[in-house]
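Overview (structure and organization)
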Amino acid sequence: MIPIQGQPVLTAAAMRAAEQAVMTQGVPEAALMDRAGRAIAQAVARLAAGREILVLCGPGNNGGDGYLAAARLREQGQAVRVAALAEPRSEGCRRAAELWGGAVASLDDVEPAPVLVDALFGTGLSRGLEPVAEQSLARLTEAAWLRIAVDMPSGIATDTGRLLGEVPRFDVTLALGAVKPSHLLQPAAGRMGEVRLLDIGVPSSGAVRVMAAPALPSPDANSHKYSRGMVAVVAGSMSGASELAAMAAARAGAGYVLLLASDGTSGPVKPHAIVRRDFSPDALADDRIGAVAIGPGLGRDDDARRRLGAALGSGRPLVIDGDALRLVETEALAAHIGPKILTPHGGEFTHLFGDMTTDKLTATLDAAQRSNAIVVHKGADTVIAAPDGRAILCPEASPWLSTAGTGDVLAGAVAAMLAAGLEPLAAAEAGVWLHAEAARACGKAFIADDLADALSAVRG
């Protein structure tokens, strides 16, 4: 079983094409199914730890994988039973059922087992299970100690994250050959449990992949505050949000953080390491600025519009968040010359780009192209997309991030990575990764201030 971090993500059609490419090179379909069956059996045996196993088989090739896995488990001396939804319909499934050769119970009356393996349907499903099958699957998963899905829990659309009916929650999902979009897109991702990849000898590649731990920029003996990256945070009417973004930029590793606010010179405000000055368009003319973060606490009045216009006109690399996403227009973004990263949550995304009529991955890729920007579409299933078609799907982060100010912290962390010289897509990924790691380090019931502070500990 292979961790999915950094692995390519393939749609159902792309996976079929990859399998077809292998078969045209002389590997028969039966050999691919045998590889899948062996890999599934090995993984299930390890996870089951000697407990009895019930394998549910569908009528297609996913069911065939289940029959073959059951046969291999029996060869290993495992206690295993098989139940089927229907008679095999594909040639591969018929062959696999013959190789199993043992008793096959009916899905609707089979007795539960401590370990359940769902091999009813995998990728390419377009409609939900029939009510009786759906109820049987629910009954058996509820009674199981460990629930394992083969490739995809039955009842999920492969590419969109959509549930096609009532889908139980599984503990482990064994992705065959490649990660699929629904392994990471909600609400489907919430049914997967731990997703692990099984190698079945089908090479995969593509423009979309799973987020991985980044190579973070680190100082050396020749570094100084400006070479580490200077971040300017443009403040507005809500000073707390911009303070959080500035703190996060500093904690994420920026060498110099400049907070530009109307009252930037008043009062002994901590931390003293953040430089505070009054905002003016001229303040953004400093060539040492590696990234400008604008939006956290900006407000939506005329003064906010002027500040946003100055930032867009500065030519500096931009991280645009919060209120700025409510004020900016896609035409202005596309016209801006220079790197830019947008970090909208769902409501801000809809305001800027309109209602999503497709899945989140497709919609975010379209938004990146329209705005000529990296788009970090935040949420439980954050998607990062670039105008050139590259995209990164992020595993579910801590649900405790659902508190005020955490988006401001993300904007600051991303700005620090951009100012440090990372390519914009890499900067966005690094910022999101740091944000998620900091949340894990904080545990439960943290506040955004805690999250910003925790960036130093996970910075590495």
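Quick caveat: nothing in here was measured; it's all calculated off a predicted structure.

Details of unusual backbone geometry
A cis geometry characterises the amide bond from Gln-186 onward to Pro-187, with omega recorded as 5°. Structurally, Pro-187 can be placed in the loop between β6 (172–176) and β7 (194–198). Positive phi outside glycine occurs at Asn-372, with the angle close to 55°. Examined against the element boundaries, Asn-372 turns out to sit in the loop between α11 (360–371) and β15 (374–377). The phi dihedral of Ala-445 falls on the positive side, at around 55°, and the residue is not glycine. With respect to the element layout, Ala-445 can be found in the loop between α13 (424–442) and α14 (448–458). Owing to a relative accessible area of 56%, Ala-445 belongs among the exposed residues under this scheme.

Brief notes about the UniProt feature "binding site: K(+)" (unreviewed entry) in the chain
In the numbering used here, UniProt assigns the feature "binding site: K(+)" (unreviewed entry) to Asn-62, Asp-118 and Ser-154. These annotated residues cover 93 residues of sequence, but their C-alpha atoms sit close together, with the largest distance between any two at 10.1 Å. Residue position: Asn-62 is located in helix α3 (residues 61–75). Using a relative accessible area of 11% as the deciding quantity, one classes Asn-62 as buried. In this structure Asn-62 touches Ala-119, Leu-120, Phe-121, Gly-122, Val-150, Asp-151 and Leu-176, once residues within four positions along its chain are discounted. Note that Asp-118 resides in strand β4 (residues 115–119). On the basis of relative accessible area, Asp-118 is assigned to the buried category, the value being 0%. Excluding its chain neighbours within four sequence positions, the residues that come into contact with Asp-118 are Leu-56, Leu-137, Ile-148, Ala-149, Val-150, Met-152, Pro-153, Ser-154 and Phe-170. At 3.0 Å, the side chain of Asp-118 and the backbone nitrogen of Leu-120 are in polar contact.

Re the sheet that holds strand β17 (residues 391–393)
Sheet architecture is open: 10 strands sit in the order β8-β17-β16-β15-β14-β13-β12-β9-β10-β11, paired in mixed fashion. Every other strand in the sheet has two partners, leaving β8 (208–210) and β11 (275–277) as the edge strands with one partner each. For this sheet the average axis-to-axis angle between neighbouring strands, irrespective of direction, equals 20°. Bridge analysis of strand β10 (residues 256–260) against β11 gives 3 bridges, and the strand direction is parallel. Bridging across to β11, Leu-260 finds its partner in Arg-277.

A few points about the sheet that holds strand β3 (residues 105–106)
With parallel pairing, 7 strands are arranged side by side in an open sheet as β3-β2-β1-β4-β5-β6-β7. In this open sheet, the two edge strands, each paired with only one partner strand, are β3 and β7. Across 2 bridges, the pairing between strand β2 (residues 80–84) and β3 is parallel. Bridge assignment links Ala-84 to a residue of β3, and that residue is Ser-106. Against the sheet, helix α2 (residues 29–48) makes contact with β1 (53–57), β4, β5 (146–150), β6 and β7, and its axis sits at roughly 160° relative to β6, the strand it touches most. Here helix α5 (residues 131–143) sits on the sheet in contact with β1, β4 and β5, set at roughly 150° to β4.

Cut-offs used in this document
- Residues numbered from 1 in each chain as written.
- Predicted model: local features only at pLDDT ≥ 70, side-chain atom pairs only at ≥ 80, totals over all residues.
- Heavy atoms only, no water.
- Helix = DSSP H or I, 4+ residues; strand = E, 2+ residues; numbered from the N terminus.
- Buried < 20%, exposed > 50% of the residue type's maximum accessible area, 1.4 Å probe, protein only.
- UniProt positions renumbered as here; feature names shortened; annotations may be inferred.
- Contact = heavy atoms within 4.5 Å.
- Polar contact = N/O pair within 3.5 Å; in protein donor to acceptor, adjacent residues only side chain to side chain.
- Pairing = 2+ DSSP bridges.
- Axes fitted to C-alpha atoms, helices over the stretch in contact; angles between N-to-C directions.

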